[in-house]
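# A look at the structure
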Amino acid sequence: MENTNQFLGTERVGKLMRRYAVPCIISLLVGALYNIVDQIFIGQGVGYLGNAATTIAFPLMTIIMAFATLIGSGGSAYAALRLGEGRKREALLTLNNLLVIAIGLGILLAAAGLIFLKPILTLFGATETTMPYAIDYTSIVLIGVPFSMVSIALSSMARTDGHPRMSMYGILIGAALNTVLDPIYIFVLDWGVKGAAIATVTAQFVSTVVLCYYFLKKGRMRFTRRYMKPVGRVWYKIFSLGISSGITALVACIMQVVMNNSLGYYGN
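Residues numbered from 1 in each chain as written. Predicted model: local features only at pLDDT ≥ 70, side-chain atom pairs only at ≥ 80, totals over all residues. Heavy atoms only, no water.

## Things to note about the side chain of S156
- By the element assignment, S156 lies in helix 7 (residues 145-160).
- Those residues in contact with S156 that lie beyond four places of it in its chain are G72, S73 and S76. (Helix = DSSP H or I, 4+ residues; strand = E, 2+ residues; numbered from the N terminus. Contact = heavy atoms within 4.5 Å.)

## Considerations on the packing of helix 8 (residues 164-188) against helix 9 (residues 192-218)
- Two elements in contact, helix 8 and helix 9, have axes whose closest approach is 8 Å; the angle formed by their N-to-C orientations is 155°. By the angle between their directions, the pair helix 8 and helix 9 is classed as roughly antiparallel. When you trace helix 8 past helix 9, the crossing you get is right-handed.
- Per-class residue counts for the contact of helix 8 with helix 9 are 15 nonpolar, 9 polar and 1 charged. (Axes fitted to C-alpha atoms, helices over the stretch in contact; angles between N-to-C directions. Parallel < 35°, antiparallel > 145°, perpendicular 65-115°, else oblique. Left-handed = near helix turned anticlockwise from the far one by under 90°. Nonpolar A, V, L, I, M, F, W, Y, C, P; charged D, E, K, R; others polar.)

## Comments concerning the packing of helix 3 (residues 48-84) against helix 6 (residues 131-143)
- Contact geometry of helix 3 with helix 6 gives a least axis separation of 8 Å together with a crossing angle of 40°. Overall, the two elements helix 3 and helix 6 adopt an arrangement that is oblique. The handedness of the crossing between helix 3 and helix 6 comes out as right-handed. When helix 3 is examined against helix 6, the residues L49, G50, A53, T54, A57, L60 and M61 are found in contact with a partner set consisting of Y133, A134, Y137, T138, V141 and L142.
- For the contact of helix 3 with helix 6, the per-class residue count stands at 10 nonpolar, 3 polar and no charged.

## Brief notes about the nonpolar core
- Among the nonpolar cores identified, the biggest contains 47 residues, and I71, M149, L154 and F215 are the most heavily contacted of them.
- When contributions to this core are tallied by element, the ones reaching two or more residues are helix 3, helix 4 (88-115), helix 5 (117-123), helix 6, helix 7, helix 9 and helix 10 (232-267).
- Sort the elements by how many residues they give to this core and helix 4 lands first, with 11 residues.
- Those residues in contact with L154 that lie beyond four places of it in its chain are L95, L211, C212, F215 and F223.
- Formed by 12 residues, the second largest nonpolar core is a distinct cluster that contains A57, I140, I186 and A196. (Core = buried A, V, L, I, M, F, W, Y, C linked by side-chain atoms within 4.5 Å. Buried < 20%, exposed > 50% of the residue type's maximum accessible area, 1.4 Å probe, protein only.)

## Details of helix 7
- For helix 7, with 16 residues, the first-to-last C-alpha span of 23 Å sits near the 22 Å given by 1.5 Å per residue.
- Of all 16 residues that make up helix 7, 14 are buried, and the element is covered over most of its length.
- Positive phi shows up at G162, right after helix 7, with a value of about 95°. (Expected span 1.5 Å × (residues − 1).)

Put into C-alpha cells, the structure is as follows:
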C-alpha cells in the first residue's frame with residue numbers, strides 16, 4: 001500500500017495540485033448544486049413562495065456549513081501535521097474524535113434549530129406568507145444536520161488520508177441522488193417543499209454512508225472504537241486550527257441575512 005506521507009513529500013508539486021485541487025474544486029461546485037437544484041424544482045412545482053422559503057432557510061444551512069467546515073478543516077489540518085511527523089496514532093485519534101464531534105455537534109445544532117425555529121426564521125427574513133413554507137422545509141432539513149456535519153468533516157479527512165477523489169465521490173453521489181429524488185418527491189408524490197427537504201436529507205445520509213464505509217474498510221486511517229474516547233488536546237487543536245475557516249463561512253451567513261431582510265423590507 002502506498003505510503004501517504006512519502007507520496008506527499010516526494011511527488012512533484014504540479015501533480016499534487018492536480019490530484020488534490022481539481023477534486024476539491026469539483027466537490028465545492030457540486031455541493032452548491034444542492035440549493036440550486038432545490039430552487040429549480042421547487043420553483044416549478046411549488047412556486048415563488050417555495051423559492052422564498054428555501055432562500056430564507058439558506059443562512060441557517062450556511063451556519064451549519066460553517067461549523068462543519070470549522071471542525072473538518074481543523075481536523076484535517078491537525079491529522080496532516082501528525083501524519084507528516086509519522087505520528088499515525090495521533091492522526092487516528094483525530095479522525096475518530098472528529099467523528100464524535102461531528103455527530104454530537106450536529107445533534108445539538110439540529111435540536112437548537114428545531115426548538116427556536118420560528119424566531120430564527122423571522123430573524124432570517126420570513127414573513128407571515130412565507131413562514132409556513134419555510135417551517136415545512138427547514139424543520140425537515142434540520143433533521144439531516146448530523147449527516148451533513150459528518151459528511152463534510154469526513155470529506156476533508158479523506159483528502160488528508162490521500163484520497164481526494166473519495167472526498168469528491170462522497171459529495172458527488174449525494175448531489176446526483178438529490179437531483180434524481182427532487183422531481184420524484186415534488187412532482188410524482190406531490191410533497192412540495194417537504195419533498196425537496198426529504199430529498200436533501202436522503203442525499204446527505206447516502207454521502208455519509210459512503211464516506212463512513214471508506215473509513216471503516218478502505219482508508220489508511222480507520223474508525224476504531226478505542227480511539228473515539230474524547231481527548232482534550234485533540235479537540236482543542238481541531239477547533240483552534242479550524243476557527244478561521246469557520247468564521248469566514250459565517251461572514252457569508254451575515255451577508256445572506258442582511259440581504260433577505262432588505263428584500264423583505266423593500267419588497268413590501
